[in-house]
Amino acid sequence: MTSAESSSLNTLYAAHLAEQQRRTEHALQRGGYDALLIASGIEKFAFLDDRPYVFQTNPHFKLWVPLVQHTDSWLVIRPGHKPRLVYCQPEDYWHVPPAAPSGFWVEHFELIVIRRPEDARQHLQLPGRLAIVGEADAALEGVVPNNPPEVLNPLHYARAVKTPYELLRLREASTAGARAHLAAQQAFREGRSEAEIHRAYLAASGHAERDLPYGNIVALNEHAAVLHYQYQETKAPAQSLSLLVDAGAHSVGYASDITRTTGNGDASFQALIDAMEAAQLRLVDRVRAGVDYRDIHLASHREIAGVLRQLDIVKMDEDAMLAERVTSTFLPHGIGHLLGLQVHDIGGFMASEEGGTLDKPEGHRYLRLTRVLQPGMVVTIEPGLYFIPMLLDQLRATPAAAQVDWSLVKHLSAFGGVRIEDDVACTDTGAPENMTREAFAALG
Ligand code: GLY
Ligand code: MN
Ligand code: MN
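Since the model is a prediction, treat every value here as computed from it, not as a measurement.

Asker: For the overall build of the protein, give the residues involved together with the corresponding values.
Answerer: Each helix and strand counted, the protein has 13 helices and 17 strands in total. A compact globule built from 444 residues should have a C-alpha radius of gyration of about 22 Å, and the protein, at 24 Å, falls within 12% of that. With respect to the three principal axes, the spread of C-alpha positions in the protein is 70 × 50 × 45 Å. Here the protein holds 444 residues, and 54% of them are scored as buried. Counting only contacts in the protein whose residues sit at least 6 apart along the sequence, the fraction spanning at least 24 positions is 71%. Carbon and sulfur atoms make up 52% of the accessible area of the protein, which totals about 19,700 Å². Both charge centroids of the protein, one from 40 positive and one from 55 negative side chains, sit 1 Å from each other.

Asker: Account for the sheet that holds strand β10 (residues 258-263), with residues named and values stated.
Answerer: One open sheet holds the 3 strands; their spatial order is β6-β7-β10, and the pairing between them is antiparallel. Every interior strand has two partners, whereas the edge strands, β6 (217-220) and β10, have only one. Taken pair by pair, the neighbouring strands of this sheet meet at an average axis angle of 5°, ignoring direction. Pairing between strand β7 (residues 242-247) and β10: 6 bridges, direction antiparallel. Residue pairing across strands places Leu244 opposite Thr261, the latter belonging to β10. Against the sheet, helix α7 (residues 267-284) makes contact with β7 and β10, and its axis sits at roughly 150° relative to β10, the strand it touches most.

Asker: Could you give an account of the environment of Lys235, naming the residues involved and the relevant values?
Answerer: Relative to the helices and strands, Lys235 is located in the loop between β6 and β7. Accessibility expressed as a relative area gives 67% for Lys235, which makes it exposed. Spatially, the C-alpha atom of Lys235 lies 7.6 Å from that of Glu194, the residues being 41 residues apart in sequence.

Asker: Give a detailed account of the coordination of the manganese ion (ligand 2), specifying residues and quantitative values.
Answerer: Taken together, the protein ligands of the manganese ion (ligand 2) are Asp246 (OD), Asp246 (OD), Asp257 (OD) and Glu421 (OE), with distances of 2.0 to 2.5 Å. Given 6 donor atoms and angles of 56 to 171° at the metal, the environment of the manganese ion (ligand 2) is assigned as irregular. Here the donor residues of the manganese ion (ligand 2) share one chain and are spaced in sequence as D-x10-D-x163-E. Separating the manganese ion (ligand 2) and the manganese ion (ligand 3) is a distance of 3.3 Å, and Asp257 donates to both of them. Of this pair, Asp246 sits in strand β7 while Glu421 sits in the loop between β15 (417-419) and β16 (422-425); the two residues are 175 residues apart in sequence, bridging distant segments of the chain. In terms of burial, Asp246 and Glu421 fall into one category: buried.

Asker: Any chance you could break down the coordination of the manganese ion (ligand 3) for me, citing the residues and the numbers?
Answerer: For the manganese ion (ligand 3), the protein coordination sphere consists of Asp257 (OD), His337 (NE2), Glu382 (OE) and Glu421 (OE), at 2.1 to 2.2 Å. Each of the 6 donor atoms bound to the manganese ion (ligand 3) contributes to angles spanning 51 to 157°, and the resulting shape is irregular. Sequence spacing among the residues donating to the manganese ion (ligand 3) works out to D-x79-H-x44-E-x38-E. Look at Glu421 and you get buried, because its relative accessible area is 0%.

Asker: Any chance you could break down helix α4 (residues 149-159) for me, citing the residues and the numbers?
Answerer: In an α-helix, one turn spans 3.6 residues, which is why side chains three or four residues apart end up on the same side. All of the buried residues along α4 are Val151, Leu152, Pro154, Leu155, His156, Ala158 and Arg159. Among the structural elements, α1 (3-31), β1 (35-39), α2 (59-64), β5 (130-133) and β11 (350-352) are those in contact with the buried residues of α4.

Asker: Explain the pairing of β6 residue by residue, including any values.
Answerer: Side chains Ile217 and Ala219 of β6 all project onto a buried face; the interleaved residues Val218 and Leu220 project onto the opposite face, where all are buried too. Examined bridge by bridge, β6 and β7 share 4 bridges and lie antiparallel to one another. Note on β7: the bridge partner recorded for Ile217 is Asp246.

Asker: Summarise the packing of aromatic side chains; cite the residues concerned and give the values.
Answerer: Inspection of the entire model under this criterion finds 7 aromatic pairs. Relative to Phe104, the ring of Tyr13 lies with its centre 5.1 Å away and its plane at 80°, an arrangement referred to as edge-to-face. Of this pair, Tyr13 sits in helix α1 while Phe104 sits in the loop between β3 (84-88) and β4 (110-114), and the two are 91 residues apart along the sequence. When its relative accessible area of 1% is taken as the criterion, Tyr13 is described as buried. Considering the side-chain rings of Tyr93 and Trp94, the 6.1 Å spacing of their centres and the 20° angle between planes classify their relative orientation as stacked. Across the pair, Trp94 and Tyr93 agree in class, each one exposed. Taken together, the aromatic side chains of Tyr13, Phe104 and Tyr165 make up a single cluster linked through ring pairs. Taking the ring centre of Tyr33 as reference, the NZ or CZ of Arg129 above it sits at 4.1 Å.

Asker: Now, about the side chain of Glu194: what can you tell me, with residues and values included?
Answerer: Among the structural elements, Glu194 can be located in helix α6 (residues 194-205). Despite its burial, Glu194 pairs with no opposite charge; the closest candidate is Arg199, at 11 Å N-O. At a separation of 2.8 Å, a polar atom in the side chain of Glu194 contacts the main-chain amide nitrogen of Glu233. In this structure Glu194 touches Val218, Ala219, Leu220, His223, Tyr229, Tyr231, Gln232 and Glu233, once residues within four positions along its chain are discounted.

Asker: Can you break down the site of ligand 1 residue by residue, with the values?
Answerer: Ligand 1 sits among Tyr214, His228, Asp246, Asp257, His337, His344, Glu382 and Glu421. Contact distances for ligand 1 include 2.7 Å between an oxygen atom and a side-chain N or O atom of His344. In this structure, Glu382 approaches ligand 1 through a side-chain N or O atom, which is 2.9 Å from an oxygen atom. For the shell around ligand 1, a count of residues per class yields 1 nonpolar, 3 polar and 4 charged.

Asker: Help me get a handle on the nonpolar core, residues and values and all.
Answerer: Leu36, Val65, Leu75, Leu85, Trp105, Phe109 and Val151 are the most contacted members of the largest nonpolar core, which totals 37 residues. The element that contributes the greatest number of residues to this core is α1, accounting for 5 residues. Counting 33 residues, the second-largest nonpolar core is a separate cluster that includes Ile304, Val307, Phe330 and Ala401.

Asker: I'd like to hear about the pattern of salt bridges, residue by residue, with values.
Answerer: This model, assessed by the stated rule, comprises 25 salt bridges. A salt bridge links Arg51 to Asp49; the nearest nitrogen and oxygen atoms lie 3.1 Å apart. The exposure class of Asp49 is partly exposed, given its relative accessible area of 34%. Between Asp422 and Arg437 there is a salt bridge, with the nearest N and O atoms lying 2.7 Å from each other. Placement of Asp422 in strand β16 and of Arg437 in helix α13 (residues 435-442) is noted, with a sequence separation of 15 residues between them.

Calculation notes
Residues numbered from 1 in each chain as written. Chains lettered and ligands numbered in written order. Predicted model: local features only at pLDDT ≥ 70, side-chain atom pairs only at ≥ 80, totals over all residues. Heavy atoms only, no water. Helix = DSSP H or I, 4+ residues; strand = E, 2+ residues; numbered from the N terminus. Rg over C-alpha atoms; globule rule 2.2 N^0.38 Å. Buried < 20%, exposed > 50% of the residue type's maximum accessible area, 1.4 Å probe, protein only. Contact = heavy atoms within 4.5 Å. Areas by Shrake-Rupley, 256 points an atom, 1.4 Å probe, with all protein chains shown as cover. Lys, Arg positive; Asp, Glu negative; His and termini not counted. Charge placed at Lys NZ, Arg CZ, Asp CG, Glu CD. Pairing = 2+ DSSP bridges. Axes fitted to C-alpha atoms, helices over the stretch in contact; angles between N-to-C directions. Donors = N, O, S within 2.8 Å, 3.2 Å for Na, K, Ca; no water. Tetrahedral: all angles 85-135°; square planar, octahedral: opposite > 155°, others 65-115°. Phe/Tyr/Trp six-rings, centres within 6.5 Å; stacked < 30°, edge-to-face > 60°. Lys NZ or Arg CZ within 6 Å of the ring centre and 35° of its normal. Salt bridge = Lys/Arg side-chain N within 4 Å of Asp/Glu carboxyl O. Polar contact = N/O pair within 3.5 Å; in protein donor to acceptor, adjacent residues only side chain to side chain. Near = heavy atom within 4 Å. Nonpolar A, V, L, I, M, F, W, Y, C, P; charged D, E, K, R; others polar. Core = buried A, V, L, I, M, F, W, Y, C linked by side-chain atoms within 4.5 Å.

Now the structure itself:
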């Protein structure tokens with residue numbers, strides 16, 4: 001990093017913290033609390049075993065500090081005070097303990113280093129009403145998470161709008177993900193197995209498996225029709241027809257969530273990819289301030305109707321396809337979600353900072369975001385069109401079945417399906433920022 005880059009990072013980070021401080025003071029005041037305590041979390045173990053699960057940091061913690069591997073640490077946020085970080089650095093010769101705190105972020109905290117988790121208590125027991133955010137098992141004697149909704153709701157609602165520092169982290173996450181997707185596509189062209197493609201992805205992302213923001217979906221052929229396909233076969237299929245990879249990366253806890261589908265040159269599958277690519281870009285262009293995200297989801301069904309019609313998969317009028325819910329056979333998931341510290345970032349259904357729920361459109365139960373877009377929100381746009389045997393069987397039993405080209409469906413079923421997913425920021429200048437496309441473009 002050049003010194004200009006590091007000073008710009010520091011400026012962005014300072015502004016990010018000032019914004020989190022402002023949001024927190026507002027939330028504390030709303031709830032009538034004096035301080036916010038945030039537990040980073042604790043290590044958890046398999047039942048009757050001493051093997052730990054992969055540690056997942058409390059998102060409230062990594063919102064403030066670029067630390068994702070630090071158990072048993074705490075933040076204390078009080079109006080008018082510098083944030084306090086109680087940093088647990090145990091003496092441990094079984095594991096690598098956290099390094100002494102260092103880096104651009106340290107100067108922004110009142111730093112207290114402790115050697116044992118229980119030593120945090122004396123730095124947390126403050127006068128006044130405390131809002132304590134964490135899981136129940138992060139509790140210390142006298143410091144028990146209460147997670148008050150009056151404080152959490154405003155924080156979760158506000159978190160949908162990212163600061164410029166967060167946008168920078170999300171761009172970095174898209175860059176690492178895009179680089180890895182290119183490596184995965186190369187491995188597919190070499191006829192590799194799902195497990196080998198997955199390893200190529202990991203190597204290029206710079207991540208170990210435990211660092212991934214979610215389990216990679218690496219699906220060859222008909223596996224692409226399984227929305228959250230969770231395995232990786234170690235043996236390559238006789239013929240590799242298609243590859244769908246839905247996989248991300250992270251930058252200090254901020255996630256990317258990217259899907260690409262690649263074919264083997266088959267003309268009708270390539271026509272489907274091309275039509276979905278054009279449809280996806282039109283949907284991305286709808287990510288604009290003031291737009292109800294539910295309308296983007298509904299527009300995605302109209303786009304799918306257009307693709308089914310254009311490719312003669314279903315020879316029905318588009319309005320009739322929508323009225324008879326034919327598109328839901330082929331697109332049975334939501335068009336996307338909020339993205340940030342969590343892949344499915346919290347707060348997607350909130351009506352206001354007080355809470356409440358904005359309903360999903362009727363019949364669209366898997367949509368994860370129902371809010372009106374604001375500048376700074378980052379969302380995914382991930383239309384798909386799949387040939388899912390279970391849903392096709394249901395379609396076969398309806399009157400619309402007569403309009404379906406079943407031999408084309410059979411041919412395309414061997415490819416599984418197509419999903420294309422980008423991470424997109426809503427801006428205040430009109431046109432959206434497609435972080436994922438820009439990352440791919442920069443990689444050439
Ligand atoms: N990777 C999960 C999703 O796209 O939402
Ligand atoms: Mn995804
Ligand atoms: Mn997604």
